Amino acid sequence: MQPSDPVAALRQAFPKAVQDVIQFRGETTIIIDPPQIARVAAHLRDAEGLKYNFLVSIVGVDYLPESPRFAVDYHLHSLIFNQAVRLKVRLEEGQSVPSVTPLWSGANWQEREVYDMFGITFEGHPDLRRILMPEGWDGFPHRKDYPLGYEVVQFSFNFDEINRNKPYAKE
Amino acid sequence: MTISPEMTRWEGTLDELKHLVSPRALTGETVLLNMGPQHPSTHGVLRLLLELDGEQIVTVVPDIGYLHTGIEKNMESKRYEQAIVMTDRMDYLAPFSNNLVFCLAIEKLADIDVPERAQIIRVLVAELTRLNSHLVWLGTHALDIGAMSVLLYAFREREMILDMFEMISGQRMMGTYFRPGGVWRDITSEFLPAVEKFLDYLPGRIDEYEALLTKNPLWVDRTQGIGVITPEDAIALGLGGAILRASGVNFDVRKAVPYSGYETYDFDVPLGLHGDTYDRYIVRVEEMRQSLRIIRQAAERLTKVKGPFRTENRKFAPPPRAELGQSMEAVIHHFKLWTEGFNVPRGEVQVMVESPRGVLACYLSGDGGNKPHRVHFRTPSFVNIQAIPYAARGHLIADLVAIIGTFDPVLGDCDR
């Protein structure tokens, strides 16, 4: 079994899903239409000659002045053919994307992390809660308009006082 | 007693987790028990919500984030060479692996060359880091299960490794020794003799650990058949390192996607058969022996290969001190590097390395400036802790301690 080219295979199987292809430093980035990402990923995982069966990571990125603003990158690696590919979806604020947790159970926490840090929601995710930040946290820390600064540690006795003066990202 | 608002808040947190435990927990048929975050066998601040049927585990819900320090966010406000310092603080048992993956990502993004001598030093130090981390894992894992003496022996040997780190980087733990384009400085004269001494010393000590544990009936009883992970599950969960290989999946980043010249070293990748705690122990101990093989080859090469330890590309590495007195250009480069840093092109790369805990990947996106646009670390502990519920289901609560130990989590690595 020879490995086949992921770009050509996807263009054939999903002619409308592939929006763009970027080659940079030997890495292939395929930009996918967001609603189709789960189907495309399932095809890459299972199809003969592709077998991208190892999900390395899911990364959220915020390209603030640009539109669409957000991106979610899926890094897949084929343990059988030993090759890698990056899928990328570009999302507007408030737009959600299908979850790949049904395909890889390991995607569960990685999607929760993207949700926690960027506020991107994943449709069909079984347990979309905050993971690294506390449950009641307001705002999404990895967004580019979320300020970086010193913060007084919140305890129950000074919770309200600190909460009032917090530099929230909302306005 | 009246119910205070604080108490209702706690009830609220349990409501949030209701969909993760079985319906029997809500009727009171099974017991919900909180383990951690401050618990000696959780290796840091890992909180587990256990659902117990008698002594048997029905569900485990891991809760992480107690050590989240926003390292990735902080890196976006620091120049590339400043950001390296933060990578040490993630996985504090394998700081040089984190240095390495970040430097490799910068080098790939900015297309920087690394001289051969620097690559050999990197391999040598990365393998010492693996030994350092595995020794702590072995000691604490054995301590968790009840074999106290192994911890004392393992930490005795680890001390020698930390001394060697101090010789090259000046620090015992957070070395920040790897820099874009090479290493900070050449190895010192006492380093190689210390490595030689260590290479002669450690194999016998590993035999001693094995004599204490491998055929010890108590150890075998506590580890064999505990926390079995099938190869299919291991791949679907994205596990890496010894955990993946103990399930029989042959994936080692050093072999599959070689970096820093690993393809030129002669070493084997140990595989397990059953995917249980015992196999993971055997695989890691064998990995220590293989690391020693790599270190021996690297030390031999270092005596032969001379030359620069950092790239000659002055846009990314400062000129040596001697050049500053003679060359105006060198002064300008030095000034620019220390005031402004270096700029990397716009683009994104991802680099994988084999950290002691598994697949460590760094995603780096540059925007043309001197600070990263986005850094993301796919840290092995973050992914591996996810597998604890899969491995622990149906086991006794006492075995959970062995299962946490065998996943070798570092919570700083997990929460970043």
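Residues numbered from 1 in each chain as written. Chains lettered and ligands numbered in written order. Predicted model: local features only at pLDDT ≥ 70, side-chain atom pairs only at ≥ 80, totals over all residues. Heavy atoms only, no water.

(A) Up close: the nonpolar core. Tyr74 and Leu87 of chain A together with Ile64, Phe102, Leu124 and Leu400 of chain B are the most contacted members of the largest nonpolar core, which has 164 residues in total. Ranked by the residues each element gives to this core, the list is headed by helix α6 (residues 116–145) of chain B, at 13 residues. Viewed by domain, this core spans two of them, domain 1 (8–67 + 381–416) and domain 2 (71–378) of chain B, each represented by three or more residues. If we ignore the near neighbours within four places in the chain, the residues touching leucine 400 of chain B are Met35, Leu48, Leu50, Ile57, Val60, Ile388 and Ala392 of chain B. (Core = buried A, V, L, I, M, F, W, Y, C linked by side-chain atoms within 4.5 Å. Buried < 20%, exposed > 50% of the residue type's maximum accessible area, 1.4 Å probe, protein only. Helix = DSSP H or I, 4+ residues; strand = E, 2+ residues; numbered from the N terminus. Domains from an automatic or database assignment. Contact = heavy atoms within 4.5 Å.)

(B) Here's a closer look at the interface of chain A and chain B. The interface of chain A with chain B comprises 45 residues on the first partner and 51 residues on the second. Each partner contributes to the roughly 4000 Å² buried at the junction of chain A and chain B, and carbon and sulfur atoms together form 56% of this total. Summed over the three residues of chain A that lose the most area to chain B, namely Arg25, Trp109 and Leu132 of chain A, the buried surface amounts to 18% of that side. Our count for the chain A to chain B interface comes out at 5 salt bridges. Close ionic contact of glutamate 76 of chain B with lysine 144 of chain A constitutes a salt bridge, the shortest N to O distance being 3.2 Å. (Buried area = accessible area lost by both parts, 1.4 Å probe. Salt bridge = Lys/Arg side-chain N within 4 Å of Asp/Glu carboxyl O.)

(C) Up close: the sheet that holds strand β5 (residues 83–91) of chain A. All names here are of chain A. The 5 strands are arranged β1-β2-β5-β4-β3 in an open sheet whose pairing can be described as mixed. Each having just a single partner strand, β1 (18–24) and β3 (54–62) make up the two edges of the open sheet. Ignoring strand direction, the axes of neighbouring strands in this sheet form an average angle of 20°. The strands touched by helix α2 (residues 37–46) are β2 (27–32), β4 (70–78) and β5; relative to β5, the strand with the most contacts, the crossing angle is about 175°. In the packing of helix α3 (residues 107–118) onto the sheet, contacts are made with β3 and β4, and the angle to β3 comes to roughly 5°. (Pairing = 2+ DSSP bridges. Axes fitted to C-alpha atoms, helices over the stretch in contact; angles between N-to-C directions.)

(D) Examining the packing of helix α13 (residues 277–304) of chain B against helix α18 (residues 397–407) of chain B more closely. Residues and elements named next belong to chain B. Contact pair α13 / α18: the axes reach a minimum separation of 10 Å and the direction vectors enclose 30°. With respect to α18, the axis of α13 lies roughly parallel. The way α13 lies across α18 gives a crossing that is left-handed. On α18, the residues touching Thr277, Arg280 and Arg284 of α13 are Ala402, Thr406 and Phe407. When its residues are assigned to classes, the contact of α13 with α18 shows 2 nonpolar, 2 polar and 2 charged. (Parallel < 35°, antiparallel > 145°, perpendicular 65-115°, else oblique. Left-handed = near helix turned anticlockwise from the far one by under 90°. Nonpolar A, V, L, I, M, F, W, Y, C, P; charged D, E, K, R; others polar.)

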